[in-house]
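Residue-level structure breakdown
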Amino acid sequence: NRAVDRISTAIARNEKILVYGDYDVDGTTSVALMYAFLRERHTSLDYYIPDRYHEGYGLSLKGIDYAAETDCRLIVALDCGIKAVEKVKYARSKGIDIIICDHHLPGDEIPDATAVLDPKQPGCNYPYKELSGCGVGFKLIQAYCQLQKIPFEKIIQYLDLVAVSIGSDIVPMTGENRILAYFGLKQLNEAPRLGFQKIIEKAKIRMPLVVEDIVFRIGPRINAAGRMESGSKAVELLVSQDSDLAVAICDDIDHSNDDRRKK
C-alpha cells in the first residue's frame, strides 16, 4: 500500500518518476514493464539503466545523481536495491524517495526506503517467494490497479515481459511463476509487443514459441544489449511504438549478440 500510495501521489502532483533497473534481462524487462504501464498514466517519466562496466550492479551513486539533476522526486528500483542501504540514505539526502522491488536475498539490514517489496525479506507474508524481479514489478502494478479500480484485463498485455524475465532469469518454474509464464507465453504468441515481434522476426523463431525459445533465442539478444553496449537500448526496444525504430534497434542488438558469441 505504501508503494501504491507514493506512486499515486507522484502522479497527482506531477512529480517526475525515474524507473531504475539493471542491465540484464530481468532488469530491462522490469523497467520496460513499469515504464510502459506508467507512461499510460503519467507524463513526467524517465528510465535509467546503469552502465555495466562503469557503475556495476544495482543502484548507483551516478544513477541517483542523474535523478537529482533531472529533478526526479521518486525512483522505482526494480530487480535491485535490497542491499542498497547507503544508496537509499544518499538518495534521501537529495530529497528523493525510493520504492524497492527486488527478489534477491536481503543483507543484515533492510534499506530505509519508502517501500520495500521483496518476498524474501524477513516478515514478508507473501505466499510465493520465487518471483522474478519483473514479477515483483508486475505485482506492484497489479496492486495499483486493484486500488484504482482498473480491470486486471488492462495489464495482461505486460505478461509477455514477465514470461521473458522468468525464462531468462532461471527462477523456479513452479507455483505463481508457472502461471505467469503460461499466460505470458500465450501473450507472446498471440499479441507480442512490437519489440518482441521484431526479435522473433529477426531471429526467425518458429511459432508457437515455447520456454526454450525465451531461454536460448530471445533472452540472449536482450542480454547482449546490456553486456555489449547499453541496457537502455533493450528497454528502448521493449517500449517502442515505432516499427522502423524497433527494427533498427533489433538489428543493433543482433550485431551485439553476434559479437558476444565470438568473444
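The structure contained in this document is the topic of the report that follows. Owing to the predicted nature of the structure, the values given are computational and were not obtained by experimental measurement. All residue numbers refer to position in the chain's written sequence, counted from 1. Selection of residues for local features in this predicted model requires a pLDDT of at least 70, selection of side-chain atom pairs for listing and counting requires 80 or more, and totals for whole chains, interfaces and linings are taken over all residues. To obtain the side-chain values, all non-hydrogen atoms of the structure were included, while hydrogens and water were left out.

Quick notes on the overall build of the protein chain
Across its full length, the protein chain holds eleven helices and five strands. The globule rule is 2.2 Å times the number of residues to the power 0.38, and the radius of gyration it is compared with is taken over C-alpha atoms. Its C-alpha atoms give the protein chain a radius of gyration of 17 Å, near enough to 18 Å, the size a compact globule of 263 residues would have. On the principal axes, the C-alpha backbone points of the protein chain span a range of 50 × 35 × 35 Å. Relative accessibility thresholds used throughout: buried, under 20% of the residue-type maximum; exposed, over 50%; partly exposed, between the two (1.4 Å probe, protein chains only). Out of the 263 residues in the protein chain, the part that is buried amounts to 56%. Contacts were defined at the residue level, with two residues in contact if any of their heavy atoms lie within 4.5 Å. By sequence separation, contacts in the protein chain at least 24 residues apart represent 65% of the contacts at least 6 residues apart. Summed over its atoms, the accessible surface of the protein chain is roughly 11,900 Å², and 50% of this surface lies on carbon and sulfur atoms. A residue counts as positive if it is Lys or Arg and as negative if it is Asp or Glu; His and the chain ends are not included. Positions of charges follow a simple convention, taking NZ of Lys, CZ of Arg, CG of Asp or CD of Glu. Averaging the coordinates of the 34 positive side-chain charges in the protein chain and doing the same for the 38 negative ones gives two points 2 Å apart. A run of H or I in DSSP counts as a helix once it spans at least four residues, and a run of E counts as a strand once it spans at least two, with each numbered from the N terminus. The method behind every accessible area is Shrake-Rupley, applied with a 1.4 Å probe, and residues are considered shielded solely by the protein chains displayed.

Brief notes about a nonpolar patch on the surface
A cluster of nonpolar residues, Ile179, Tyr182 and Phe183, forms a patch on the protein surface that exposes about 340 Å² of accessible area. Given the relative accessible area of 41%, Phe183 is considered partly exposed. Like-charged residues are merged into a patch within 9 Å and nonpolar side chains (Val, Leu, Ile, Met, Phe, Trp, Tyr) within 5 Å, provided each residue has over 30% relative accessible area and no salt bridge. For salt bridges, the criterion is a side-chain nitrogen of Lys or Arg within 4 Å of an Asp or Glu carboxyl oxygen.

Here's the deal with helix H10 (residues 231-239)
Most of H10 is tucked away: seven of the nine residues are buried. Burial in H10 covers these residues: Gly231, Lys233, Ala234, Val235, Leu237, Leu238 and Val239.

Comments concerning the pattern of salt bridges
Note that side chains of opposite charge can pair when their charged atoms are close. Scanning the entire structure with this criterion turns up 14 salt bridges. Its salt-bridge partner being Glu86, residue Lys89 comes within 3.5 Å of it at the nearest N-O pair. One end of the pair, Lys89, and the other, Glu86, are both in helix H4 (residues 85-93), three residues apart, so they sit about a helical turn from each other. The exposure class of Glu86 is exposed, given its relative accessible area of 55%. Asp251 is paired through a salt bridge with Lys202; the nearest N and O atoms lie 3.0 Å apart. Highlighted residues: Asp251 in helix H11 (residues 243-262) and Lys202 in helix H8 (residues 194-202), separated in sequence by 49 residues. By relative accessible area, which is 27% here, Asp251 ends up partly exposed. Bridged by salt links that share partners, the residues Arg6, Arg13, Glu15 and Asp97 form one connected network.

Describing the packing of aromatic side chains
To pair, rings of Phe, Tyr and Trp, with the six-membered ring standing in for Trp, must have centres within 6.5 Å; the planes then decide the type, stacked if under 30 degrees apart, edge-to-face if over 60, and tilted in the middle. This model, assessed by the stated rule, comprises seven aromatic pairs. Taking 5.7 Å as the distance between ring centres and 85 degrees as the angle between the ring planes, the aromatic pair formed by Phe37 and Tyr144 counts as edge-to-face. A residue pair is termed long-range when its members are at least 10 positions apart, and Phe37 in helix H2 (residues 25-39) and Tyr144 in helix H5 (residues 133-147) qualify at 107 residues. The class of Phe37 is buried, set by a relative accessible area of 1%. By the ring-pair criterion, three or more aromatic residues cluster together here, those being Tyr20, Tyr48 and Tyr66. Placement of a charge over a ring requires the Lys NZ or Arg CZ to be within 6 Å of the ring centre, with the centre-to-atom vector within 35 degrees of the ring normal. When the ring centre of Phe37 is taken as reference, the NZ or CZ atom of Arg41 above it lies at 4.0 Å.

Remarks on the sheet that holds strand S4 (residues 97-101)
Whether two strands pair comes down to DSSP finding at least two bridges between them. Here five strands make up an open sheet; going across it, the order is S2-S1-S3-S4-S5 and the pairing parallel. Edge positions in the open sheet fall to strand S2 (45-48) and strand S5 (115-117), since each of these has one partner strand only. Sheet twist, expressed as the average angle between the axes of neighbouring strands with direction ignored, equals 20 degrees. Of the strand pairs in this sheet, S4 and S5 are connected by three bridges, and their pairing is parallel. Paired with Cys101 across the strands is Leu117, a residue of S5. Relative to the sheet, H2 contacts strand S1 (16-21), S2 and strand S3 (72-78), its axis offset from that of S1 by approximately 160 degrees. Here an angle of 0 to 180 degrees is reported between the N-to-C directions of two axes, which are lines fitted to C-alpha atoms, with helices fitted over the stretch in contact.

Considering the pairing of S1
Within S1, five of the six residues are buried, which leaves it mostly tucked inside the rest of the structure. Bridge analysis of S1 against S2 gives four bridges, and the strand direction is parallel. Following the sheet pairing, Leu18 is matched in S2 by Asp46. Once the chain exits S1 it traverses H2 before rejoining the sheet at S2, and the crossover so formed is right-handed. Orient the strands so they point away from the viewer; a crossover is then right-handed if the path from the first strand over the helix to the second runs clockwise.

So, the packing of H2 against H5
For the pair H2 and H5, interaxial distance at closest approach is 8 Å and the crossing angle is 15 degrees. In this view, H2 runs roughly parallel relative to H5, as classed from their interaxial angle. For the element pair H2 and H5, the recorded crossing hand is right-handed. Residue-level inspection shows Asp26, Thr29, Ser30, Leu33, Met34 and Phe37 of H2 in contact with H5, the latter providing Gly133, Cys134, Gly137, Phe138, Leu140, Ile141, Tyr144 and Cys145. A breakdown of the residues in the contact of H2 with H5 according to their chemical character gives nine nonpolar, four polar and one charged. Working definition: roughly parallel below 35 degrees, roughly antiparallel above 145 degrees, roughly perpendicular at 65 to 115 degrees, and oblique for all remaining angles. Rotating anticlockwise by less than a right angle from the far helix to the near helix defines a left-handed crossing, while the corresponding clockwise rotation defines a right-handed one. Polar here means any residue other than Ala, Val, Leu, Ile, Met, Phe, Trp, Tyr, Cys and Pro, which are nonpolar, and Asp, Glu, Lys and Arg, which are charged; Gly is therefore polar.

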